[in-house]
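# Coordinate inspection notes
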Amino acid sequence: MSDIVFIRGLRLDTRIGIHDWEKQTTRPVILDLEMASDVARAAASDRIADALDYDAVTRRLTEVVTNNRHELVETLAEQCAALLMREFGIPWLRLSLNKPGAVGEGVDVGVVIERGVRPS
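These numbers come from a predicted model, not from an experiment. (Residues numbered from 1 in each chain as written. Predicted model: local features only at pLDDT ≥ 70, side-chain atom pairs only at ≥ 80, totals over all residues. Heavy atoms only, no water.)

Our next topic: the side chain of Asn98. With respect to the helices and strands, Asn98 occurs in strand E4 (residues 92–100). You can call Asn98 buried: its relative accessible area is 18%. Here Asp108 takes part through its side chain, which lies 3.4 Å from a polar atom of the side chain of Asn98. (Helix = DSSP H or I, 4+ residues; strand = E, 2+ residues; numbered from the N terminus. Buried < 20%, exposed > 50% of the residue type's maximum accessible area, 1.4 Å probe, protein only. Polar contact = N/O pair within 3.5 Å; in protein donor to acceptor, adjacent residues only side chain to side chain.)

Pasting the structure below:
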């Protein structure tokens, strides 16, 4: 299996940052995800029960990101990746977490992490 389900441009408001002013207000982060999934099985059955439910993934990420505070994008990315792998049985994922305007207007910063073993 080398199929990928993706979610791009998931924009969520959260409290993130090391500066005092960042701790007092919410700001957006943008997540892009690629997740290994057996698309063929879901395609054959045409049942959501056989698919990686991207709506459920999005709802769970929204809950975790918006209800918690982090200082570092690295910490938030790691926690999101671990949660998705554990709760949705995802064997491999690539997660990009972008913090727009973190070091100036129009400048985006963030991290890209890969976790698990990508099926071949």
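If you look at the biggest cluster of nonpolar residues, it comprises 27 residues, and the most contacted ones within it are Leu31, Met35, Leu84, Leu95 and Leu97. For this core, the elements supplying multiple residues, two or more each, are strand E1 (4–16), strand E2 (27–36), helix H3 (54–66), helix H4 (73–88), E4 and strand E5 (108–116). In terms of residue count, H4 provides more of this core than any other element does, 7 residues in total. Setting aside residues no more than four positions away along its own chain, Leu97 makes contact with Val29, Ile30, Leu31, Val73, Leu76, Ala77, Val109, Gly110 and Val111. (Core = buried A, V, L, I, M, F, W, Y, C linked by side-chain atoms within 4.5 Å. Contact = heavy atoms within 4.5 Å.)

Here the structure, examined in full by the defined rule, presents 0 aromatic pairs. Sitting above the plane of the Phe6 ring, Arg8 keeps its charged end 3.8 Å from the centroid. Stacked on the ring of Trp92, the Lys or Arg Arg118 has its end atom at 4.5 Å from the ring centre. (Phe/Tyr/Trp six-rings, centres within 6.5 Å; stacked < 30°, edge-to-face > 60°. Lys NZ or Arg CZ within 6 Å of the ring centre and 35° of its normal.)

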